[in-house]
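# Results of the structural survey
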Amino acid sequence: MAGKSDYFGLSYVVSLILAIIPVTSFICGAVTRIMEGKIVAGLLRILFGWNIIWLCDLVCMIVNKKILRLLNV
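Quick summary incoming for the structure in this document. Note that the structure is a prediction, hence the values are computed from the model and not measured. (Residues numbered from 1 in each chain as written. Predicted model: local features only at pLDDT ≥ 70, side-chain atom pairs only at ≥ 80, totals over all residues. Heavy atoms only, no water.)

Moving on to the side chain of threonine 32. Of note, threonine 32 is situated in helix H2 (residues 22-35). A relative accessible area of 6% means that threonine 32 is categorised as buried. Excluding residues that lie within four positions of it along the chain, threonine 32 makes contacts with Asp6, Tyr7, Phe8 and Ile67. (Helix = DSSP H or I, 4+ residues; strand = E, 2+ residues; numbered from the N terminus. Buried < 20%, exposed > 50% of the residue type's maximum accessible area, 1.4 Å probe, protein only. Contact = heavy atoms within 4.5 Å.)

In an α-helix there are 3.6 residues to a turn, and that puts residues three or four apart on one side. Those residues of helix H3 (residues 39-48) lying buried are Ala41, Gly42 and Arg45. Down the axis, H3 shows its buried residues gathered within 100° of arc, on one side only. Those residues of H3 that are buried lie in contact with H2 and helix H4 (52-64). (Arc of directions from axis to C-beta.)

Now for the environment of tyrosine 12. Within the secondary structure, tyrosine 12 sits in helix H1 (residues 12-20). Once the C-alpha coordinates of tyrosine 12 and isoleucine 62 are considered, the two residues, 50 residues apart in sequence, prove to be 9.2 Å apart. Polar side-chain contacts of tyrosine 12 include one of 3.4 Å to the backbone oxygen of isoleucine 62. (Polar contact = N/O pair within 3.5 Å; in protein donor to acceptor, adjacent residues only side chain to side chain.)

A grouping of Phe8, Leu10, Val13, Val14, Ile17, Ile20, Ile21, Val23, Ile27, Val31 and Met35 is seen on the molecular surface, where their side chains present a nonpolar patch of about 950 Å² in accessible area. Among the secondary structure elements, those contributing two or more residues to the nonpolar patch are H1 and H2. Structurally, the position occupied by phenylalanine 8 is in the segment before H1. Phenylalanine 8 sits in the partly exposed class, given a relative accessible area of 43%. (Patch = residues over 30% accessible without salt bridge, like charges linked within 9 Å, V, L, I, M, F, W, Y side chains within 5 Å. Areas by Shrake-Rupley, 256 points an atom, 1.4 Å probe, with all protein chains shown as cover. Salt bridge = Lys/Arg side-chain N within 4 Å of Asp/Glu carboxyl O.)

Purely spatial values, then, with no claim about function.
Okay, structure coming up:
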């Protein structure tokens, strides 16, 4: 079975489906980063998560099974 992935510890398949849908990717990405304690990264996802970051998240989720970690602050 697929291992745990990035969105709230859900399976890889469920996280990939959430990453494909732009609205859920936007919300889940911001909430995930804020839950990790990365407030600035979460705010940047809220501001820019609807375009470039969504595409990068989609590619990273397919390749690495994790969302893009652009900023670790």
